[in-house]
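An overview of the molecular structure
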Protein chains: 2
Amino acid sequence: MEVADRIGRAGATLTPAERRVAEVVLEQPQLVAFGTVADLAEASASGAATVVRLATKLGFDGFTGLQASVQHALANQLRPAAERIREPAASDAISRHLQLEVGNVTTTLTSLSDEALAAVVARLSDTTGRVLVLSGDASLGVAQQLVSELCSLRDGVLLVDGNDVAVRRTIALAGEGDVLVVLDLRRYDRWVVEGARAASAQGVWCVAVTDSLLSPLASLAEHTFTVAAAGGGPFDSHVGTLALANLLVAGVADRLRAQAADRLDRAEAAWRAAESLVDR
Amino acid sequence: MEVADRIGRAGATLTPAERRVAEVVLEQPQLVAFGTVADLAEASASGAATVVRLATKLGFDGFTGLQASVQHALANQLRPAAERIREPAASDAISRHLQLEVGNVTTTLTSLSDEALAAVVARLSDTTGRVLVLSGDASLGVAQQLVSELCSLRDGVLLVDGNDVAVRRTIALAGEGDVLVVLDLRRYDRWVVEGARAASAQGVWCVAVTDSLLSPLASLAEHTFTVAAAGGGPFDSHVGTLALANLLVAGVADRLRAQAADRLDRAEAAWRAAESLVDR
DNA sequence: ACTGGTATGGAACGAACGTTCCAACACTCA
DNA sequence: TGAGTGTTGGAACGTTCGTTCCATACCAGT
């Protein structure tokens, strides 16, 4: 830290009161970043003037300069790992994409809460109701991946898709026991938002996977997962979204272990009988 | 974060200007913790009064209360990891998945040669031929994502799918100028392998995206990309595959910049005319 | 004991800040 | 088209903060 260096360098020339202040600065940087001169003076049992004198003696432009330095240090420290990694600065396209996608996965998975995850997995594992998945056009493939894998684990999972008539009918037939997973990022597809709104109004339990808590989908949902989708090309990246989907699928598989294993075995038997799968 | 919860809860009742402020609060919490009302107002292109109104609408005691909340959240976040682990703590399942998926992306993108990538992107950007995408059932969603995005950039991209009759006809009609992207992981779908073999025999230029150089698909293809697909649940993870697909799409977009931009503009105009997309 | 120099914190000053009020504006509905 | 409602940002107000000044306390050397 910039400040620590300066304190170390000037350490010998500090007066007793200044030294007490410096110790507080090193041990409670939050107090410097968020607090005032008076706060620091009280914490170090000294006067406000001593605090300012220390700051100038360290070469800062008054307490304001000291505070700014500590704030910058803290801001760097709590920047997402994804951004900090960027410092080596990738030159070629591949490593730039690598950093981008790793950042998407990291941000998406670290910003999600255990409680929300557990609650959503529990509902997705409840086979008394159906699971509807509604997705914007841009993320349709990822949604299909989620549906396909959930279908392998349990009954009653379907992608809400097709034309306007079919979509509205499907949603109209959804009931209170059902779950709607709605997936869309900014520049939301209007029909997706309207569909989710209709479902929510009917008492369907909604989960939103979207880009921001300010998404129109977030306000409809019981739980919202925000995904990072920084893309290197003209489109959003759904890598983070897919990682989240995998996490949900794994959770459901874990909860439905017995039934799911049975289902997978039956499919396996059918494939074996038809020799649908080959090893090489 | 406390603030994020409140924003998510009140999200629907926010006015446009308040929403802009809320976005800045979520994306740049440092600005709230270290900055002033005026800073936030400037960053969100709104007035100071709007900032204060948002804070009170969220249930805080003015901007001061909002700032204190963000400061506490930040202070908790930057406490030594040793202390942080003790808290609610992200569950083991999440961080295990995180490592897994980051590993998939990293392995997939780093084991990629520049030359192969450039060659494949060049062929995918060649609009004199078509691009066929053939995928195993397990990765169909990712394939669809690739097709959908390539379709936005150029003509003549199609997913080879449907029943046996349709698939064989589509492949039979493919010629030497066409490119086949074949995507499948171990326990290969027989029909995919057969389809790729048929296409290759007809002189179609093939790219394989698969799990190993020993895959039956690799021997048919001009270029093979191996993807890492370690999954935490019962299924393979296609996160690495999707990251690769994004890289290909970005490359094509770059090479076809002019035409692609025109296509995207036309789509944009159609969406605008129909108001298909909404911002909130 | 006295003196010169330093260290220290209280108090006053000026600047910056958060808050509140209000006029202008945009939008909706009749 | 006009009335009414809700939204927005500018400006004034009172407060808090950082800074500076200065009287007091402390210490070492004579």
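Our subject in this report is the structure included herewith. Remember, predicted model here, so these are calculated numbers, not experimental data.

Moving on to the overall build of chain A. A count of helices and strands for chain A gives 14 helices and seven strands. For chain A, with 280 residues in total, the buried portion stands at 49%. Sequence-distant contacts, at least 24 apart, represent 66% of the contacts inside chain A between residues at least 6 apart. Carbon and sulfur atoms make up 52% of the accessible area of chain A, which totals about 12500 Å². Averaged over its 25 positive side-chain charges, chain A has a centre that lies 3 Å from the centre of its 34 negative ones.

Further remarks concern the sheet that holds strand 2 (residues 157-160) of chain B. The pairing of strands in a sheet happens through backbone hydrogen bonds and is either parallel or antiparallel. All names here are of chain B. Read across the sheet, five strands follow the order 2-1-3-5-6 without closing on themselves; strand pairing throughout is parallel. Where the open sheet ends on each side, the last strands, each with one partner, are strand 2 and strand 6 (223-226). Between one strand and the next, the sheet's axes are offset by a mean angle of 20°, whatever the strand orientation. Direction of pairing for strand 1 (residues 131-135) relative to strand 2: parallel, over a ladder of four bridges. Counted as the bridge partner of Leu134 is Val160 from strand 2. Relative to strand 2, helix 10 (residues 140-153) is tilted by about 165°, and along the sheet it contacts strand 1, strand 2 and strand 3 (179-183).

Our focus in this paragraph is the interface of chain A and chain B. Interface size is often expressed as the accessible area that is lost when the parts come together. In this assembly, 66 residues from chain A lie in contact with 76 residues from chain B. Carbon and sulfur atoms make up 66% of the surface buried where chain A meets chain B, a total of about 5900 Å² over both sides. Across the pair Arg190(B) and Glu275(A) runs a salt bridge, and its minimum N-O distance is 3.7 Å. Where chain A meets chain B, there are 23 residue pairs in polar contact (both at pLDDT 80 or more).

On to the protein's contact with DNA strand C, then. Within the structure, DNA strand C sits among 18 residues, and Thr15(A), Ala17(A), Thr50(A), Val37(B) and Phe63(B) are positioned closest to it. Close to the protein, within 4 Å, the atoms of DNA strand C belong to sugar or phosphate groups at a rate of 74%. The side chain of Thr50(A) places a nitrogen or oxygen atom 3.0 Å from a phosphate oxygen of DNA strand C. In this structure, Arg53(A) approaches DNA strand C through a side-chain N or O atom, which is 3.2 Å from a base nitrogen. Elements that contribute at least two residues to the surface near DNA strand C include exactly helix 2 (16-27) and helix 5 (48-57) of chain A together with helix 5 (48-57) and helix 6 (62-77) of chain B.

DNA strand D sits among 18 residues. The nearest are Val37(A), Phe63(A), Thr15(B), Ala17(B) and Thr50(B). Sugar plus phosphate: this is where 74% of the atoms of DNA strand D within 4 Å of the protein reside. For DNA strand D, a phosphate oxygen lies 2.8 Å from a polar atom in the backbone of Val37(A). One of the backbone nitrogen or oxygen atoms of Ala17(B) is found 2.9 Å away from a phosphate oxygen of DNA strand D. Where the surface near DNA strand D is concerned, the elements lending two or more residues are helix 5 and helix 6 (62-77) of chain A together with helix 2 (16-27) and helix 5 of chain B. Split into classes, the residues belonging to the surface near DNA strand D amount to eight nonpolar, seven polar and three charged.

Residues and elements named next belong to chain A. Two elements in contact, helix 9 (residues 114-124) and helix 13 (residues 239-255), have axes whose closest approach is 9 Å; the angle formed by their N-to-C orientations is 60°. Classified by the angle their axes make, helix 9 and helix 13 are oblique. Once helix 9 is placed against helix 13, the crossing between them reads as right-handed. Between helix 9 and helix 13, the contacting residues are Leu117, Val120, Val121, Ala122 and Leu124 on the first element and Leu247, Leu248, Gly251, Val252 and Arg255 on the second. Across the contact of helix 9 with helix 13, the residue classes break down as eight nonpolar, one polar and one charged.

The rules behind the values
Residues numbered from 1 in each chain as written. Chains lettered and ligands numbered in written order. Predicted model: local features only at pLDDT ≥ 70, side-chain atom pairs only at ≥ 80, totals over all residues. Heavy atoms only, no water. Helix = DSSP H or I, 4+ residues; strand = E, 2+ residues; numbered from the N terminus. Buried < 20%, exposed > 50% of the residue type's maximum accessible area, 1.4 Å probe, protein only. Contact = heavy atoms within 4.5 Å. Areas by Shrake-Rupley, 256 points an atom, 1.4 Å probe, with all protein chains shown as cover. Lys, Arg positive; Asp, Glu negative; His and termini not counted. Charge placed at Lys NZ, Arg CZ, Asp CG, Glu CD. Pairing = 2+ DSSP bridges. Axes fitted to C-alpha atoms, helices over the stretch in contact; angles between N-to-C directions. Buried area = accessible area lost by both parts, 1.4 Å probe. Salt bridge = Lys/Arg side-chain N within 4 Å of Asp/Glu carboxyl O. Polar contact = N/O pair within 3.5 Å; in protein donor to acceptor, adjacent residues only side chain to side chain. Near = heavy atom within 4 Å. Nonpolar A, V, L, I, M, F, W, Y, C, P; charged D, E, K, R; others polar. Parallel < 35°, antiparallel > 145°, perpendicular 65-115°, else oblique. Left-handed = near helix turned anticlockwise from the far one by under 90°.

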